[in-house]
Amino acid sequence: MELERLGLLMHEWVRELVVRLTPEAMVWPEGLGEPAVSDWHEPLQFHHTMTFRGARPETVTPAEMGQRAGEALAAAGWAVEEEVTEAHLVTGRRDGVVIRIRISVISDVVLYQARTPSIAFYTPEVFVKPEPVRTLDTLSRGYVLCYECDGLGWCSSCWGRGWVPDVERGRRRCRECHQDRVCPICRGAGEKHAATLQYYERGHYPELSEE
Ligand SMILES: [Zn+2]
Ligand SMILES: [Zn+2]
């Protein structure tokens, strides 16, 4: 898969740079791991990111290290940008993968940050509202349909997804069920026991008060 290929390219190159620039690192960059969601709008997009912190050997100046990083990346076909601000920054770009190396000039910290481009895994399916768990025909004996969800059982705001679409962020946690996903009144049963209804709940069922 394309995202995995790019993730492995990113990982291989961060590791390569760590080996070349800060080889005394006691901890090595971990494996690639699972991609993370980078955009919650449908269709969801994923990317790989990594951050690794190394230490610059005393014998190498920040400028020398920046130069070495840039040369190593350029030799392997990365487009390289170098910038000196409050630190030496070297940025390499290849196939949409970005690796940024920040070499501090006031300490020995060398920070590697990298990410792949964001890629959608699938085309979104049209969401189908779930069927109610109870209907008038399937009610348990002595029960009435839940007055909140009318038998749906699922939260009637998010329809059991735990989130609702959000224009800005793609998704927003459902405020109605707080991600429980089920109706807060019947807890997913879709029905209520008629004999144990609270007084205020009976108001939803005028037919019961005639008994
Ligand atoms: Zn309910
Ligand atoms: Zn909900």
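This structure is a prediction, so every number in the text was calculated from the model and none was measured.

*Asks:* What am I meant to see in the coordination of the zinc ion (ligand 2) here?
*Replies:* Ideal geometry at a metal centre: 109.5 degrees between donors when four sit tetrahedrally, and 90 or 180 degrees when six sit octahedrally. Here the zinc ion (ligand 2) is held by C155 (SG), C158 (SG), C174 (SG) and C177 (SG), and the distances to it run 2.3 Å. Considered as a linear motif, the donors of the zinc ion (ligand 2) on their single chain read C-x2-C-x15-C-x2-C. In this pair, C158 sits in the loop between β9 (143-145) and β10 (163-166) while C174 sits in the loop between β11 (170-173) and β12 (191-193), placing the two residues 16 residues apart along the sequence. Assigned by exposure class, C158 and C174 land together as buried.

*Asks:* Mind showing me how you'd approach the coordination of the zinc ion (ligand 1) here?
*Replies:* Within the first shell, the zinc ion (ligand 1) binds the protein through C146 (SG), C149 (SG), C183 (SG) and C186 (SG), at distances of 2.2 to 2.3 Å. What the four donor atoms of the zinc ion (ligand 1) show is an angle range of 104 to 116 degrees at the metal, which sorts the shape as tetrahedral. The motif formed by the donor residues of the zinc ion (ligand 1), counted along the single chain, is C-x2-C-x33-C-x2-C. Here C149 is found in the loop between β9 and β10, whereas its partner C183 is found in the loop between β11 and β12, with 34 residues between them in sequence. Each member of the pair, C149 together with C183, is buried.

*Asks:* Sorry, what's going on with the nonpolar core here?
*Replies:* For soluble globular proteins, the rule of thumb is that nonpolar side chains tend to be buried together. Core analysis: the biggest nonpolar cluster contains 24 residues, and V14, L17, I99, I101 and Y112 have the highest contact counts within it. Listing elements by their share of this core, those giving two or more residues are α1 (2-21), β3 (49-55), α2 (62-75), β6 (97-104) and β7 (109-115). At eight residues, α1 tops the list of elements feeding residues into this core. Residues within four places of V14 in sequence aside, it is in contact with M50, F52, I99, Y112 and A114.

*Asks:* Is there a simple way to explain the side chain of T22 in this structure?
*Replies:* Here T22 is to be found in the loop between α1 and β1 (36-39). Overall, the relative accessible area of 0% leaves T22 in the buried class. When sequence neighbours within four positions are dropped, the list of residues in contact with T22 reads L17, G54, A55, R56, M65, V110 and Y112.

*Asks:* Just to check I follow, could you spell out the packing of aromatic side chains for this structure?
*Replies:* Both the distance between ring centres and the angle between the ring planes are used here to describe each pair of aromatic rings. Applying the stated criterion to the full structure yields four aromatic pairs. Considering the side-chain rings of F52 and Y112, the 6.1 Å spacing of their centres and the 45 degrees angle between planes classify their relative orientation as tilted. On the criterion of sequence distance, the pair formed by F52 in strand β3 and Y112 in strand β7 is long-range, its members being 60 residues apart. Take F52: its relative accessible area is 8%, and that puts it in the buried class. Geometry around F127 places R161 over its ring, the cationic atom sitting 3.8 Å from the centre.

*Asks:* Help me out: how do you make sense of the domain arrangement of the protein chain in this one?
*Replies:* How big an interface is tends to be expressed through the accessible area that disappears when the partners come together. As assigned here, the protein chain comprises domain 1 (2-120) and domain 2 (143-209). Each of domain 1 and domain 2 has a C-alpha centre, and these two points are 48 Å apart. The partner domain 2 presents seven residues to the four residues of domain 1 that form the contact. On the domain 1 side of the interface with domain 2, the three residues burying the most area are W40, H41 and E42, jointly 93% of the side's total. Between R171 and E42 there is a salt bridge, and its shortest N-O distance comes to 2.9 Å. Along the contact surface separating domain 1 from domain 2 lie four residue pairs in polar contact (both at pLDDT 80 or more). Within the side of domain 1 that touches domain 2, the residues separate by chemical class into two nonpolar, one polar and one charged.

*Asks:* In this structure, what is going on with the sheet that holds strand β4 (residues 79-84)? I would like to understand it.
*Replies:* Strands pair in a sheet through their backbones, by hydrogen bonds, and they do so in one of two ways: parallel or antiparallel. Pairing is antiparallel across the open sheet formed by five strands, whose spatial order is β3-β7-β6-β5-β4. Only two strands of the sheet have a single partner each, and these edge strands are β3 and β4. This sheet shows a mean twist of 15 degrees between the axes of neighbouring strands, independent of strand direction. Alignment of strand β5 (residues 87-94) against β6, held across eight bridges, turns out to be antiparallel. Looking at the pairing, R93 lines up with V98 of β6. Along the sheet face, α1 touches β3, β5, β6 and β7 and points at about 25 degrees away from the line of β6. The strands touched by α2 within the sheet are β4, β5, β6 and β7, with β5 carrying the most contacts at an inclination of about 5 degrees.

How each quantity is defined
Residues numbered from 1 in each chain as written. Chains lettered and ligands numbered in written order. Predicted model: local features only at pLDDT ≥ 70, side-chain atom pairs only at ≥ 80, totals over all residues. Heavy atoms only, no water. Donors = N, O, S within 2.8 Å, 3.2 Å for Na, K, Ca; no water. Helix = DSSP H or I, 4+ residues; strand = E, 2+ residues; numbered from the N terminus. Buried < 20%, exposed > 50% of the residue type's maximum accessible area, 1.4 Å probe, protein only. Tetrahedral: all angles 85-135°; square planar, octahedral: opposite > 155°, others 65-115°. Core = buried A, V, L, I, M, F, W, Y, C linked by side-chain atoms within 4.5 Å. Contact = heavy atoms within 4.5 Å. Phe/Tyr/Trp six-rings, centres within 6.5 Å; stacked < 30°, edge-to-face > 60°. Lys NZ or Arg CZ within 6 Å of the ring centre and 35° of its normal. Domains from an automatic or database assignment. Buried area = accessible area lost by both parts, 1.4 Å probe. Salt bridge = Lys/Arg side-chain N within 4 Å of Asp/Glu carboxyl O. Polar contact = N/O pair within 3.5 Å; in protein donor to acceptor, adjacent residues only side chain to side chain. Nonpolar A, V, L, I, M, F, W, Y, C, P; charged D, E, K, R; others polar. Pairing = 2+ DSSP bridges. Axes fitted to C-alpha atoms, helices over the stretch in contact; angles between N-to-C directions.

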